[in-house]
Amino acid sequence: MLHFLLLPIGAGGWSPLISDAYQRLEVDLGERTKITAVATQGRYGSSDWLTSYLLMFSDTGHNWKQYRQEDSLGSFPGNSNADSVVQHKLQQPAVARFLRLVPLDWNPSGRIGLRVETYGCPYTSDVVSFGSDGTSSLVFRPSPGLEQKSKEVVSLEFKTMKNSGMLLHAEGQHGFSLSLELDRGKLLLLLRQASGPPSEPRRLASLGSLLDDQHWHHVALEQQHSHLNLSVDKHMEKIQIPLSVGAAQRPDFFKENFHGCLENLLYHDLNLIELSKHRDPQTSLQGNVSFFCPEPTSVAVTFPEPQSFLQLPWSTSISSGTLSIGFQFRTWNKAGLLTTFDLPQQKGVVWLYLSEAKICFQIHEAGSALNDGQWHSVDFISRHGHLTVSVDKDKGGVAHATSGLPVNVANHIFFGGCPGEGQKQECRNPFEGFQGCMRLITLDNQLVNLITVQQRLLGNYSQLQIDMCGITDRCSPSHCEHGGVCTQSWTAFQCNCSDSGYNGATCHSSVFESSCEAYKHNGNTSGYFYIDVDGSGPIKPQLVFCNMTEENTWLVIQHNNSELTRVRSSPGVNQQAVHFEYPAEEEQLLAVIRQSEHCQQELSYRCRKSRLLNTQEGSPFSWWLGGPSPGRVQTYWGGAHPGSQQCACGLQGNCVDLQTEDSGLVTHKGNLPVRSLVLGDVQRPGSEAAYRVGPLRCRGDKNFWNAAFFDKETSYLHFPTFHGELSADISFLFKTTASSGVFLENLGIRDFIRIELSSSTQVVFSFDVGNGPREVSVYSSVPLNDNRWHQVRAKRNVKEASLQLDGLPVVRQQAPADGHFHLQLNSQLFIGGTASRQKGFRGCIRSLQLNGATLDLEERAKITPGVRPGCPGHCSSYGSLCHHQGRCVEKDNGFHCDCNITFEDSLFCLSEVSAIFKPETSISYIFKEPFEFSRNSSTSPPSISSNMPPKGEDISLSFRTTQSPALLLLVSSVHRQYLTLLISRHDMLEVRYKLDSSQEAEVLRSGGRSLADGQLHSLHIRRLTDSVSVQVKKSTSSLIGTALYLAGLGSLGYSGCLSVVRFNSVSPLKAALLHPNNSPVVISGPLVQSSCGSAASANPYWFSFLSSPLFCSVTPLLSPGFCHVSVYFLTFFLATGIIILHFQFLTTNSCHQIVIEKGSRLS
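Residues numbered from 1 in each chain as written. Predicted model: local features only at pLDDT ≥ 70, side-chain atom pairs only at ≥ 80, totals over all residues. Heavy atoms only, no water.

Under the convention used in this document: UniProt positions are given in the numbering used here, feature names are shortened, and annotations may be inferred rather than shown by experiment.
Looking up the protein chain in an unreviewed UniProt entry gives the name Contactin associated protein like 3, with the organism given as Oryzias sinensis. Under the UniProt heading Subcellular location (unreviewed entry), the note attached to the protein chain is "Membrane". What the UniProt record of the protein chain gives under Sequence similarities (unreviewed entry) is the line "Belongs to the neurexin family."

### Some points on the packing of aromatic side chains
Think of a pair of aromatic rings as described by two things: how far the centres are apart, and how the planes are tilted against each other in angle. Where we set the bar: Aromatic pairing here means that ring centres of Phe, Tyr or Trp (its six-membered ring) are within 6.5 Å. Orientation follows from the plane angle: under 30 degrees is stacked, over 60 is edge-to-face, and everything else is tilted. Secondary structure elements are taken from DSSP: a helix is a run of H or I of four residues or more, a strand is a run of E of two residues or more, and numbering for both begins at the N terminus. When accessible area is computed with a 1.4 Å probe and restricted to protein chains, residues below 20% of their type maximum are described as buried, those above 50% as exposed, and intermediate ones as partly exposed. Ring-over charges, as used throughout, are those where CZ of Arg or NZ of Lys falls within 6 Å of the ring centre and within 35 degrees of the ring normal.
Applying the stated criterion to the full structure yields 29 aromatic pairs. With a centroid separation of 6.4 Å and an interplanar angle of 70°, the aromatic rings of Phe-130 and Phe-258 are classed as edge-to-face. With Phe-130 in strand 8 (residues 127-130) and Phe-258 in the loop between strand 17 (235-240) and strand 18 (260-267), the pair connects residues that are 128 residues apart, well separated along the chain. The pair Phe-130 / Phe-258 is uniform in exposure class, with both members buried. Grouping aromatic residues by their ring pairs yields a cluster made of Phe-303, Phe-327, Phe-329, Phe-415 and Phe-434. A cation sits over an aromatic face here: Lys-799 above Phe-493, 4.7 Å from the ring centre. Cation over ring: Arg-860 sits above Phe-719, and NZ or CZ is 4.5 Å from the ring centre.

### Quick word on unusual backbone geometry
Note that the residue after Leu-672, namely Pro-673, is joined by a cis bond; omega there is 0°. Mapped onto the secondary structure, Pro-673 falls in the loop between strand 49 (661-666) and strand 50 (674-680). With an omega of -5°, the peptide bond between Ser-964 and Pro-965 qualifies as cis. You can see Pro-965 is positioned in the loop between strand 73 (952-960) and strand 74 (966-972). If you check the backbone angles, Asn-63 has positive phi at about 55° while not being a glycine. Counting through the fold element by element, Asn-63 comes out in the loop between strand 3 (50-58) and strand 4 (65-66). Positive phi outside glycine occurs at Leu-440, with the angle close to 50°. With respect to the helices and strands, the residue Leu-440 is situated in strand 33 (residues 436-443).

### Brief notes about the pattern of salt bridges
Selection criterion: Salt bridge, as used here, is a side-chain nitrogen of Lys or Arg placed within 4 Å of a carboxyl oxygen of Asp or Glu.
Counting across every chain of the model gives 24 salt bridges. Between Asp-48 and Arg-43 there is a salt bridge, and its shortest N-O distance comes to 2.7 Å. Judged by relative accessible area, which is 25%, Arg-43 ranks as partly exposed. In this structure, the salt-bridge partner of Glu-745 is Arg-754, at a minimum N-O distance of 2.8 Å. Bridged by salt links that share partners, the residues Arg-32, Asp-59, Lys-159, Glu-263 and Glu-295 form one connected network.

### Let's talk about the confidence of the model for the protein chain
Rules: Values of pLDDT, ranging from 0 to 100, describe the predictor's confidence in every residue of the model. Note on contacts: a residue pair qualifies if any of its non-hydrogen atoms lie within 4.5 Å across the two residues.
For the protein chain, mean pLDDT is 78; residues scoring 70 or higher make up 79% of the total. Long-range and interchain partners of residues 929-950, a stretch whose pLDDT sits below 50, account for 31 contacts in this model, where long-range means more than four residues apart. Overall, residues 1035-1051 carries pLDDT values under 50, and its contacts beyond four positions in sequence, including any with other chains, amount to 75 contacts.

### A word on the environment of Ala-39
Among the secondary structure elements, Ala-39 is positioned in strand 2 (residues 25-41). The buried category is assigned to Ala-39, whose relative accessible area is 1%. The spacing of Ala-39 and Asn-79 is 40 residues in sequence and 9.9 Å in space, taken between C-alpha atoms. If near-sequence neighbours (up to four positions away) are discounted, Ala-39 is found in contact with Val-85, Val-86, Gln-87, Arg-115, Val-116, Glu-117 and Tyr-119.

Structure representation (structure tokens):
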């Protein structure tokens, strides 16, 4: 280790005469040195010290390169007094001869003052230079006796000013070759097939950017079998390749070789440059090759700020009539002023500027896509009033204009911008300032000496960095994840996440849920959904079908043949193999199976004279392959245990000699999915066989309900350190009755990350990545300690931090453009508490995911005192998903909606139960517990059953029909009491009640438009003692009529649709359709379930029935057509506790008023 004491303490230190932003200290170390650390002090015995500075290095004293600790962090913290030493170890050692220290800030009560020390090691190297002829190369052919090693290693350093050229080419086995090529300043690893006609190379990797900056860059290739690691500077990419790298030679298909210098070119332990110097027979040189590295003479200048400018003196004679300006520039910005000068004779101004990445000169433009970070040349020439602007020597375009007078310049020309306000205005700039680099500036074909400008001997400038190009590529490596496209300006980058399935500033977070279970609890019903099983992880989203019609939610993945398929024998083929292809990728399939609580796949085999297992030596005739690709051989069949070599019937002990079918479910997750069948014994005469492999079906999400309950503030769970250096997303659900507590904390030496409930209405996400503590807070208008589930999503990346609570708007905080961005943690991750055991959380945390990986809280809670696995009580949060009075039922992991007491069905009691009836259709519903009464009793029996309210009924239904007359409902008893609901021959609704056999029936008859018009109508009838109300609903208002003591009816047929039938608390139609085997119903005639009573019906003019028909339109809605359907016939008949229900009807979109006509009878 070398220690350079550059400014000894006794000397007092360095302090410039003027303390301003243009000072610098340059040090010559005498030779190239590997510098590992820098230490600073203030000036001895003074108030002079630096508080921050930039560090730059150079091999020649020109073409400086700024050192950055991280990709975007350029400045170093300095001192806080004159005596203490502040040392910075360089994350990546720098190799240079010259060191430059640029003061940024200093003690405001003093001046710039500095003592500096550097630490490092001697550095030796061998260098070779390749000329600009495009044919120069060094070829290495290993001797036959060279020992073959299991790992191939090639490493080198290179520097160049040319952005394209072949750096390395290696021939391999099987006619393949690998090439390392520079392309527009990026290093590409390409794979080619040498044999056969030339083809487009396959790109294996792309690393680095702006590598044509004439600075040394390190490259290493390490290959072991088909695995290869490519490193460029401090970035590495792992690659899978199908060949082994061998001898290097010049390919015929590449047009131009590398132009620049190589250093320390090593193949294993062989120094190829040293071998070439000594003319080793394994090496040969071609073209213009030398063993030293010439340095360029061009000087670049950086315009880092919009206010930067360079002013140069320039004047032209009127008599010459010609002038020319030339320069090269590179930038990421689409707009900015390049140069401007006055035209005193014309009293005008010339502006040459970038607009939409094109060169613009007044109204003329040339070039395109000039904000690509590459060097572009610009030439402006005026000859006798004819103006020409060319880009990239005419390759990028040419623009022309004509001036009435010769163009001449009187005093100055400005590049990049103009002086700011308060300075003498000799420049006007209506455009944005230029941010980028320029070099090779010429005025009238004379190269401007920028070093003289830097020494303040020529022109003027502000906020420039001379003798360096400070451009950085913020998109290399790209921080945009999951295929997001990176674009950039001089100060920032953006990610376009379109069509990636991810969102956020860096396309980190998935826009899809992780399972069907998660979609269900968002209120979705069955359908196709994209799921992303690992959230922000590397596994891509996949399209699956989520079946939510049962209590369990099933995820279904089809394959290419799930139908029953006959095995067709082929002559001479004893076995037939069948392969199943799944639309999901391998890692997607395995992740779904791993995440699910249960998976299954039907495996069926039907046969005659085709044996599966019964060979004499015990080996099977047929088998199947399942599990991770390509699958493992399985000799058991559906319904049996793995390894049992049995069928389902063998396990159950009920096989017969003429067994013709074996079917069952494969449920062992390690053997799923089924990938192939191998079927034998199908060649014998009379043999027949058919197989069916069903789709993969999985239910349950082990991650979604994974929860832990923290019953003390001092209790917590701990996990390994969270690694989210560049991107971190954390999501979880919590419920609590406490007003505060820490959900999560992970500490580093200085960095940390924490999420906490700071009050009953506020969640805070705080962190520090080296720029000082930062907080993102979300406030809720409702208390969060209501013992209901609340969701938290916290994200942090190199661009921003964000926090979202439930469905509230996302709160974001931008990250500093040039600050630290690596989150460096080293302690354990604490859940539900902190390392100090203070401010712990009391309550439940569920489904905790960090960067897409779910932490197993339940498993850790089983062995942790003060923490219990699981957390019941989900209906308080999800009960609102159960509609139409469906009852939320708690489960250990989740809940389900009990729709038995509703007239609805489906996952959340949403689907209306409807059926199509024909005249011969009927349903009888038998009440199991009728009132006990004696025939000789003087007490009258109840109207219907024990389920109804005392002395009353509550009946609702919906119907549509075109038949009239038609019976909708009949209730009668042995005591000659009855209730009827029917459509009259005049298409009107009639309701008849008779509760007293000694009086005439009372009739309620509707008026208005027809009800037998094929449209959906909803009825609601309520009776309490001697008061009856009838409501007919269609849209948005209602008319209600009342009658006393109704009676009398005949019998009619019915054809139409009936839906959502409810009699008090009984849903007879639902029982008949969905539970006919365990409900007291008898069905006669054809009964077909249909969506005829639903708003989702194919007829766009059908209206859905609402459970509480409170409103109905007074003005009829006219339909352009009718939809004729068969509906439903339901009759109530009461006799000794048995009620038979018959309905039939079809209706309109009209609203009708119920009118009362006492004593009227149905004719």
